[in-house]
Amino acid sequence: MIGEPPSTNGVHPDARSSRLRADHVRLAYDEHVVVQELDLAIPDGQITVIVGPNACGKSTLLRALARLLKPSSGEVILDGELIHRLPTKEVARRLGLLPQTPIAPQGILVVDLVARGRTPHQRLFQQWSDEDERAVRAALTATDTMDLADRPVDELSGGQRQRVWIAMALAQETGLLLLDEPTTFLDIAHQVEILDLVDRLNHEEGRTVVLVLHDLNLACRYAHNLVAMVDGRIHGVGAPEEIITNDTVEEVFGLPCVVVPDPLSGTPMIVPHDTRASARTDPARTERS
Amino acid sequence: MTTLERSVEVESGDLASSELPLRGHVIRLRGFSVRLDLRAVAVCAVVGMITVAVGLWSISVGDFPIPISDVIATLLGNPTEDSEFIVGTLRLPRVLVGVGVGAAFGMSGAIFQALVRNPLGSPDIIGFNSGAALGAVTMIVVVGGSSFQVSVGALAGGVIAALLVYLLAWKRGIQAYRLVLVGIGVGFAITAVIDYMVTRAEINDVQRAAVWLTGSLNGRSWDEVRIVWLALLVLGPLAILMQRALDRLDLGDDTAAALGVRVSPSKLALVLVGVALAALGVAAAGPIAFVAFVSGPIARRLVNTPRAAVVPAAFVGALVVVVADLAARRVLAPTELPVGIMTALIGAPYLLWLLTRQARTGAL
């Protein structure tokens, strides 16, 4: 491996380069194949959002990218090396992952949970360095959870808890950050709050972020690079404006809709057809047929 | 700069300079640093001192009482005429086995309860101790059973029982409630096999096996002291080293892996160390009921920590066994009860309470 910093936050000068990519991966649980022959490169320094219907293999793909699932064929490449040949700890210094439903030990304090993010940088007899202290402080500050530091995680609201989990992943100080549905179970205001945080991490610290999201409109607003998946395959990759059209949404989600520009950001916004019985004479529908 | 901006800056400056409210005290020496939970250290010290006091008392009382001063003198190497035999050969090994077995069970219980994420996941509930007992009884009945043979038998039995429970409970990974239910079932099956073996065995072997099966410190010699303390000496430090991985695994497998923990090897190592501790405890004193089961939760409550309290559980386990054995010897004196009956008196009500609570909250 030449010329790749092991764990930096720096934006790559060449925006098209990819530290992380999947080559022809086939992913399966036991005999059940979830993803077939998939190729995907994660552009450095950008926010990539993976969208798709339930059970299309988004989370499975994310787990494979993070080395949690070994492909039954094909390879995941991190910094030019086969990710499954790298030691777990080495991967953890370059790439952070927040699973969909992480478990907080009962009674653990926010600061102790965030401090666990330092694990890959610690050794048996180097359990707490100045560097650890600085990183935890920075993570708490970035996620605006410093005030919660001495509170038990159990007592926090959903939005606060999600910020704390993200803080733990931040304390890991990896250039690549993978978040599996970080906005699930949150109300709309907290969803926006979390995504703004993600955007800030990308914009100000240059971290490469990969997200799995359910909300298409938010995905379009925050993604630089959108990946639409269906049935374990990639339907399209690119800027949201290129990917999200009436036809793709119908093909990927089976949802007839009209895509209009978001009145605020100008990014694509999906308006589903009104399929209620009482709305049979919906103008958009009439026009379409 | 506006006033508002300035006040914001001052505020964040305050936060940046204040101490992080991290749990544990950081001890630094050159490039090395260790985070030590002072409350855990205090709990261990206090529980340890009480254990020593109860142990000395236990050596002093009996059919042939020996004054505490003579006990201490004997331990320091100045025995009186009577005390040498009674302390050195009869009562000291008994107390040492009790302390060692309690510590081994306590650690094993704390490890498994954390791995299974459920207090019911302790080795005496989920059949591992029964497996070790079967291995040991087999050795006693079939080959006569020197203390070494009994240890090997117990170890093999414990590991096989653990394997069996994990294999039967495996369904795309391990779920706590499945493991606990399968473990209880396997435990019953093993107990049935032990009963069968006992009915078919020589009467002398049966007597030996029966006393041993309830968990007893009666007639323990320096052989058993050696087994259990050697086990602690080797496995104890391993358990302490693996506490870090155990704490990370508590966040869920995926999160632990994302933090750089090698999930499967770590789990396997923890299971092996936990089973070996429990099995060698069984080899020395029989499957003393509920010690592993109660020590972890008591230790965790005392230290008030979200982590698995592996080391404090060892101290609590030692105290539980020493107190229970003293009670077992004195309650119906001169008749001596097996210590397992006393620990069952503490453990059974706790088990019932836990079962009703978990049934109500749907945790099981």
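What counts and what doesn't
- Residues numbered from 1 in each chain as written.
- Chains lettered and ligands numbered in written order.
- Predicted model: local features only at pLDDT ≥ 70, side-chain atom pairs only at ≥ 80, totals over all residues.
- Helix = DSSP H or I, 4+ residues; strand = E, 2+ residues; numbered from the N terminus.
- Rg over C-alpha atoms; globule rule 2.2 N^0.38 Å.
- Buried ≥ 20, exposed ≤ 12 C-beta atoms within 10 Å, placed from the backbone.
- Contact = placed C-beta atoms within 7 Å.
- Pairing = 2+ DSSP bridges.
- Axes fitted to C-alpha atoms, helices over the stretch in contact; angles between N-to-C directions.
- Core = buried A, V, L, I, M, F, W, Y, C linked by C-beta atoms within 7 Å.
- Nonpolar A, V, L, I, M, F, W, Y, C, P; charged D, E, K, R; others polar.
- pLDDT = per-residue confidence, 0-100.
- Left-handed = near helix turned anticlockwise from the far one by under 90°.
- Parallel < 35°, antiparallel > 145°, perpendicular 65-115°, else oblique.
- Expected span 1.5 Å × (residues − 1).
- Bend = angle between axes of the 7 residues up to and from the residue.

Participant: Mind showing me how you'd approach the overall build of chain B here?
Facilitator: Within chain B, the secondary structure is distributed over 15 helices and 2 strands. Compactness check: chain B gives a C-alpha radius of gyration of 23 Å against a globular reference of 21 Å for 364 residues, within 12% of the reference. Taking the principal axes of the C-alpha coordinates as reference, chain B spans close to 90 × 55 × 40 Å. Counting only residues that meet the buried cut, chain B has 47% of its 364 residues in that class. Partitioning the intrachain contacts of chain B with sequence separation of at least 6 by distance along the chain shows that 74% fall at a separation of at least 24.

Participant: Looking at this structure, how should I read the overall build of chain A?
Facilitator: The number of helices and strands found in chain A is 10 helices and 12 strands. Taking 2.2 N^0.38 as the reference for a compact globule, 289 residues should give roughly 19 Å; the C-alpha atoms of chain A span a radius of gyration of 20 Å, in line with that estimate. Long-range pairs, those at least 24 residues apart, make up 65% of the contacts in chain A with a sequence separation of at least 6.

Participant: Is there a simple way to think about the environment of Ala 308 of chain B in this case?
Facilitator: All names here are of chain B. When you line up the elements, Ala 308 lands in the loop between helix H13 (291–303) and helix H14 (310–330). Residue classification places Ala 308 among the buried residues on the basis of 28 C-beta atoms within 10 Å. Along the chain, Ala 308 and Phe 112 lie 196 residues apart, while their C-alpha atoms are 9.4 Å from each other. Ala 308 has contacts with Ala 110, Ile 111, Gln 113, Ala 114, Gln 243 and Leu 246, leaving out every residue within four places of it along the chain.

Participant: Is there a simple way to think about the sheet that holds strand E9 (residues 225–230) of chain A in this case?
Facilitator: In a beta sheet, neighbouring strands pair by backbone hydrogen bonds and run either parallel or antiparallel. All names here are of chain A. Read from one edge of the open sheet, 6 strands run E6-E7-E8-E3-E9-E10, paired in mixed fashion. Since the sheet does not close on itself, it has two edges, and those belong to strand E6 (95–98) and strand E10 (233–238), each with one partner. Between one strand and the next, the sheet's axes are offset by a mean angle of 15°, whatever the strand orientation. Here 5 bridges tie strand E7 (residues 176–180) to strand E8 (residues 208–212), and the two strands are oriented parallel to one another. Pairing of Asp 180 across the sheet is with Val 212, part of E8. Sheet contacts for helix H9 (residues 246–253): E9 and E10; angle to E10, the most-contacted strand, approximately 155°.

Participant: Looking at this structure, how should I read the nonpolar core?
Facilitator: Soluble globular proteins: nonpolar side chains tend toward being buried together. In this structure, Val 114 of chain A together with Ala 104, Ile 111 and Leu 280 of chain B are the most contacted members of the largest nonpolar core, which totals 191 residues. Counting residues per element, this core draws most heavily on helix H4 (residues 81–116) of chain B, at 18 residues. Contacts of Leu 280 of chain B, omitting those with residues within four sequence positions, involve Ala 104, Ser 151, Ala 154, Leu 155, Ile 227, Val 228 and Ala 231 of chain B.

Participant: What exactly am I supposed to notice about the interface of chain A and chain B here?
Facilitator: One frequently used descriptor of interface size is the decrease in accessible area upon assembly of the parts. Contact with chain A, which involves 34 residues of that partner, is made by 26 residues of chain B. Where the side of chain A that touches chain B is concerned, the elements lending two or more residues are helix H2 (88–94), E6, helix H3 (110–115) and helix H4 (130–142) of chain A. When grouped by side-chain class, the residues that make up the side of chain A that touches chain B number 19 nonpolar, 9 polar and 6 charged.

Participant: Can you help me understand unusual backbone geometry in this one?
Facilitator: Across the chain, the bulk of peptide bonds are trans and the bulk of non-glycine residues have phi less than zero. For Asp 79 of chain A, which is not a glycine, the phi torsion comes out positive at approximately 50°. Take Asp 79 of chain A: it is sitting in the loop between strand E4 (73–78) and strand E5 (81–82).

Participant: I keep staring at the sheet that holds E4 of chain A and nothing clicks. Help me out?
Facilitator: Residue and element names in this part refer to chain A. As summarised here, the arrangement of the 4 strands in space is E2-E1-E4-E5, forming an open sheet in which the pairing is antiparallel. Two strands close off the open sheet at either side, each with one partner strand: strand E2 (32–42) and E5. As paired strands, E4 and E5 are joined by 2 bridges and run antiparallel to one another. The residue bridging Leu 78 from the neighbouring strand is Glu 81, located in E5.

Participant: Quick question: what am I supposed to make of the confidence of the model for chain A here?
Facilitator: All names here are of chain A. Mean pLDDT over chain A works out to 87, with 91% of the residues at or above the 70 mark. The least confident element of chain A is helix H10 (residues 283–288), whose mean pLDDT is 52; the most confident is strand E3 (residues 47–51), at 96. Here residues 1–15 scores under 50 on pLDDT; set against residues more than four positions off or in separate chains, the count is 29 contacts.

Participant: Help me out: how do you make sense of the packing of H4 of chain A against helix H5 (residues 158–171) of chain A in this one?
Facilitator: To describe two helices that pack against each other, one gives the angle between their axes and the distance between the axes. All names here are of chain A. Remark: H4 packs on H5, axes separated minimally by 8 Å, with the N-to-C direction vectors making an angle of 145°. In the crossing of H4 with H5, the sense of the turn from one axis to the other is right-handed. Residue-level inspection shows Ala 135, Val 136, Ala 139, Leu 140 and Ala 142 of H4 in contact with H5, the latter providing Ala 167, Leu 170 and Ala 171. The class makeup of the residues in the contact of H4 with H5 is 8 nonpolar, no polar and no charged.

Participant: Sorry, what's going on with the packing of H4 of chain B against H14 of chain B here?
Facilitator: Residue and element names in this part refer to chain B. Direction vectors running N to C along H4 and H14 enclose 135°, while the axes themselves pass 6 Å from each other. With respect to their mutual orientation, H4 and H14 come out oblique. As H4 packs across H14, the resulting crossing turns out to be right-handed. Where H4 approaches H14, its residues Val 95, Gly 98, Val 99, Val 101, Gly 102, Ala 103, Phe 105, Gly 106, Met 107, Gly 109, Ala 110 and Ile 111 are matched on the opposing element by Val 310, Ala 313, Ala 314, Val 316, Gly 317, Ala 318, Leu 319, Val 320, Val 321, Val 322 and Asp 325. Its residues assigned to classes, the contact of H4 with H14 shows 17 nonpolar, 5 polar and 1 charged.

Participant: Explain helix H9 (residues 222–241) of chain B here, please?
Facilitator: Owing to its 3.6 residues per turn, the α-helix brings residues three or four apart onto one side. All names here are of chain B. Here H9 is 20 residues long and its end C-alpha atoms lie 28 Å apart, about the 28 Å a rise of 1.5 Å per residue gives. A bend of about 30° at Leu 235 is the largest found in H9, and the proline Pro 237 appears one to four places after it. All of the buried residues in H9 are Glu 224, Ile 227, Val 228, Trp 229, Ala 231, Leu 232 and Ala 239. In this structure, the buried residues of H9 make contact with H4, helix H6 (147–169), helix H12 (263–285) and H14.

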